[in-house]
Amino acid sequence: MMTFILFLAAVTGLLVVMRKESGAKPAIGVMVVTGVLSLFLASGLLAFILFIGAAVTAAAGLPGFRRSWLTPRVFAMFKKVAPKVSDTEKVALEAGTVSWDGELFTGRPDWHSLLINRNTGLSEKEQAFVDNQCTQAISMCNAWDLAVERADLPADLWEFLKKEKFFGMIIPEEYGGLHFSAKAQTAVLQKLAANEMLMVTVGVPNSLGPGELLVKYGTDEQKNHYLPRLADGREIPCFGLTGPRAGSDATSLPDTGVVCKGEFEGKEVLGLRLNFEKRWITLAPVATVVGLAFRMFDPDGLLGDTKDYGITCALIPRNTKGMEIGRRHCPIGTPFMNGPIKGTDVFIPLDYIIGGQEMAGQGWRMLVECLSVGRCITLPSGAAGAAAYSVGTAGGFTRIRRQFNTPVADMEGVQEPLARIAAKTYIAQSAVNHTANMIDKGEKPAVPSAILKYHLTEFQRGVLTDAMDVHGGKTVTLGPRNYLGIGFSGAAVSITVEGANIMTRSLMIFGQGAIRCHPYVLKELAAKDNDDIDAFDDAFFGHAG
């Protein structure tokens, strides 16, 4: 009986110490005291176990003793088994910020930090734009006409989008843009998602591409020239990243830019000779300026000692000699503007590099930093908007459709998918609005952007499937009055673009998320790469508790 009492006392004492996070010394004290009492009053076996526990805790928990004996051995083993983090991977891991998502990996999230992130809503100007301009744009769309008859937006809708500066939502007002908050961009795209072609056409110029890259990294000359023209639609941008060999693995770009001398506007200047092939580039068929990602090399040392600068981004006008925008692709379901771009011996001056010559080789960092924000907005907003559209169509149809002399909405078999539609729509809208609010407060949520992209586009596919199911025969035949079929068939596009969902889940959510958001893992890897045993000791044994 005494053995059980002392065992219970030891466990209780250790739990109290752990709860208060009091450190190693109190834990050692609990085990030593109960061990001594057990040795004289109860079981010698219990005393032995407690003394062993105290010794192990002392070895791992007392910094002076631990660092002189245990840490060097653990560090040596860790360096053998831990992977080498390349510079490219390091840039990706360190992109963005860690906010609420980091709390989830602590095991004891501070829910208050989530609840205080209140959404202040849209400004009067932003709300008016959503209520008026967005409503008018949607009213100018007919899904069948756009997707089947035209495979394009009507000319008057293109002009309306340019006139109302839909393409300039992220551009500052000083350059003629709207400079909307992330919350407003999300609200606009959710509203426009009633027609996916329209949502994509507006969303892409306001996401990862020339506009965002220029705002954040462009030279004053580049900003003054391009931003006003992008804001009012005189220039239509696209961005060439994906190619035949480089899809989700964007760092494996085979496209090259070699530093050389060439003729530009009648003069010999220092520049780049580009050779590239890009595919599936949204807005390429109508683009007037192409953002391009490529690997930059200087084999002759014309700029200095560096031979391989790495991924670099440049802006290339459409009419540049040697660049060809090929025959349109036809994205399944929703044929928004998309196509290939090819360049053979295209010469551009160094001034075409976004940010100028000093930003040569900084393209990967630029892309991952922008993607941490852009991926939070465009596709997740489109998914949330498509889900909301499905709520309206499925809910309304099942109320007026009668079978067996009763509305089908009253049937439990129909109510089940309706409940899934409503629940997933609520989650999608809440997640998008919350994350946009985080962006407006200064966060760059790299890992949440991957979580939203993956889960919300999967929600979109599931919601549209349920919506099709409850419509029965109404939506299985395509035609002008089928308001779901085209969007349903186009859901696969959202699953695939901006990082295929299979890769996003594996590499971004589980890979980057587990490392970037974890309070200790990234520090452990950094300590290994820097051969810093003291930093490793702090991180590893903080991780161990």
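Residues numbered from 1 in each chain as written. Predicted model: local features only at pLDDT ≥ 70, side-chain atom pairs only at ≥ 80, totals over all residues. Heavy atoms only, no water.

Asker: Help me out: how do you make sense of the overall build of the protein chain in this one?
Answerer: When you go through the protein chain residue by residue, the secondary structure sums to 22 helices and nine strands. Taking all 545 residues of the protein chain together, 48% fall into the buried category. Within the protein chain, residue pairs in contact and separated by at least 24 positions form 71% of the contacts whose partners lie at least 6 positions apart. Of the roughly 26,000 Å² of accessible surface on the protein chain, 57% is carried by carbon and sulfur atoms. Where the 53 positive side-chain charges of the protein chain centre and where its 55 negative ones centre are 4 Å apart. (Helix = DSSP H or I, 4+ residues; strand = E, 2+ residues; numbered from the N terminus. Buried < 20%, exposed > 50% of the residue type's maximum accessible area, 1.4 Å probe, protein only. Contact = heavy atoms within 4.5 Å. Areas by Shrake-Rupley, 256 points an atom, 1.4 Å probe, with all protein chains shown as cover. Lys, Arg positive; Asp, Glu negative; His and termini not counted. Charge placed at Lys NZ, Arg CZ, Asp CG, Glu CD.)

Asker: What exactly am I supposed to notice about unusual backbone geometry here?
Answerer: For residues besides glycine, phi is generally negative; the peptide bonds are generally trans as well. Unlike most non-glycine residues, E265 shows phi in positive territory, near 55°. Checked against the element boundaries, E265 lands in the loop between β2 (256–264) and β3 (267–282). At D345, a position not held by glycine, the phi torsion is positive, near 50°. By the secondary structure assignment, D345 is in strand β7 (residues 338–349). Taking relative accessible area as the criterion, D345 reaches 44% and is therefore assigned partly exposed.

Asker: Help me out: how do you make sense of the pairing of strand β5 (residues 308–317) in this one?
Answerer: Successive side chains on a regular strand alternate, one facing one side of the sheet and the next facing the other. Burial within β5 is extensive, with eight of its 10 residues counted as buried. As paired elements, strand β4 (residues 289–297) and β5 share nine bridges and run antiparallel to each other. Bridge pairing links G291 to L315 in β5. (Pairing = 2+ DSSP bridges.)

Asker: Just checking my understanding: could you explain the pairing of β3 for this structure?
Answerer: Across nine bridges, β2 lies against β3 in antiparallel orientation. Counterpart to V258 in the pairing with β3 is R273. As defined by bridge partners, β3 adjoins β7 across nine bridges and the pair is classed as antiparallel. Bridged to L272 within β7 is I348.

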